[in-house]
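# Results of the structural survey
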Amino acid sequence: MQKLLIVSDIFGQCQGLRQLLQDLAVSECSIHVLDPYQGQPQSFSDEQQAYQAYTECCGHDHYASLVRQTLTEYTDPLAVAIGFSAGASALWRALAKPDASLVQQAVLFYPGQIQPYLTLSPGAPVHVIFGASEPQLDVRAACAALSQLPGVQASSTVWQHGFMNPASAAYSELGYQQHLGLLMEFAAM
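Described in the following lines is the structure provided in the data block. The structure presented is a predicted model; accordingly, all values stated were derived computationally and were not measured. (Residues numbered from 1 in each chain as written. Predicted model: local features only at pLDDT ≥ 70, side-chain atom pairs only at ≥ 80, totals over all residues. Heavy atoms only, no water.)

## Structural notes on helix α4 (residues 86–95)
The element α4 is extensively covered by neighbouring structure, given that ten of its ten residues are classed as buried. Within the sequence span of α4, burial applies to Ala86, Gly87, Ala88, Ser89, Ala90, Leu91, Trp92, Arg93, Ala94 and Leu95. (Buried < 20%, exposed > 50% of the residue type's maximum accessible area, 1.4 Å probe, protein only. Helix = DSSP H or I, 4+ residues; strand = E, 2+ residues; numbered from the N terminus.)

## Quick word on the pairing of strand β3 (residues 80–84)
For β3, a buried count of five out of five residues is recorded, marking the element as mostly surrounded by other parts of the structure. Side chains of β3 alternate between two faces, with Val80, Ile82 and Phe84 and Ala81 and Gly83 buried alike. With four bridges connecting them, strand β1 (residues 2–7) and β3 associate as parallel partners. Bridge assignment links Val7 to a residue of β3, and that residue is Gly83. As defined by bridge partners, β3 adjoins strand β4 (residues 106–109) across four bridges and the pair is classed as parallel. If you follow Ala81 over to β4, its bridge partner there is Ala106. Remark: the β3/α4/β4 crossover connection has right-handed handedness. (Pairing = 2+ DSSP bridges. Right-handed = clockwise from strand over helix to strand, strands pointing away.)

## Looking at the packing of helix α3 (residues 60–72) against α4
At a closest axis distance of 8 Å, the pairing of α3 and α4 adopts a crossing angle of 55 degrees. Classified by the angle between their axes, α3 and α4 sit oblique to one another. Here α3 runs over α4; the crossing is right-handed. Within the contact between the two elements, α3 uses His60, Asp61, Tyr63, Ala64, Val67, Arg68 and Leu71 and α4 uses Ala86, Gly87, Ala90, Leu91, Arg93, Ala94 and Leu95. (Axes fitted to C-alpha atoms, helices over the stretch in contact; angles between N-to-C directions. Parallel < 35°, antiparallel > 145°, perpendicular 65-115°, else oblique. Left-handed = near helix turned anticlockwise from the far one by under 90°. Contact = heavy atoms within 4.5 Å.)

## Here's the deal with empty space enclosed by the protein
Applying the stated criterion across every chain yields a total of one cavity of 30 Å³ or more. Put simply, the largest cavity is a space of about 110 Å³. The residue makeup of the lining of the largest cavity, split by class, is seven nonpolar, four polar and one charged. (1 Å grid on protein atoms, 1.4 Å probe; cavity = no way out; pocket = protein on both sides within 12 Å on 5 of 7 lines; lining within 4 Å. Points joined across faces, edges and corners; volume = space filled by probe spheres on them. Nonpolar A, V, L, I, M, F, W, Y, C, P; charged D, E, K, R; others polar.)

## Side note on the sheet that holds strand β5 (residues 126–130)
Spatially, six strands are ordered β2-β1-β3-β4-β5-β6 in an open sheet, and the strand pairing comes out parallel. With one partner strand each, in any of the chains shown, β2 (29–34) and β6 (152–156) form the two edges of the open sheet. Ignoring which end each strand starts from, the neighbouring axes of this sheet average 15 degrees apart. The sheet strands contacting α4 are β1, β3, β4, β5 and β6, and the helix crosses β3 at an angle near 135 degrees.

Next up, the structure:
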């Protein structure tokens, strides 16, 4: 059975993540979820409240360490690692470590905090999918820089940061459905 890791955004185990897990459950995968809140269900009223909880509970450096530690615990290959927003940035940082070699491929959605780490070289093929714009970085320049790295494909969408999460103000049902299809393809590989 294929193993799949999902590294959540700042919303953690929210209704949107539960929907994604339900949608992915039709694939023949064993799905593990890592989130900043140690698996505790979350329900934030908006992104500002979620970000405040995330920074108080975890923060970017600690989340990257959690992801790195989780990757070291796998003894069998991990078919796909998927990260969203802060989780995508944390996953990017963890994939640059030698102990991430069991990850066969990764998909990172809108890793807005990747700017300081654009020169890291991941140990697995990575698809980076940005929103149309990011407050912390120039998406076009980031895509160009990342695409120069071996095994990295980077692109942007017409949707904004958060388009995969119904809890985000930028959620897009069309964007979600299109990229859910992509994730299903990766899960089936």
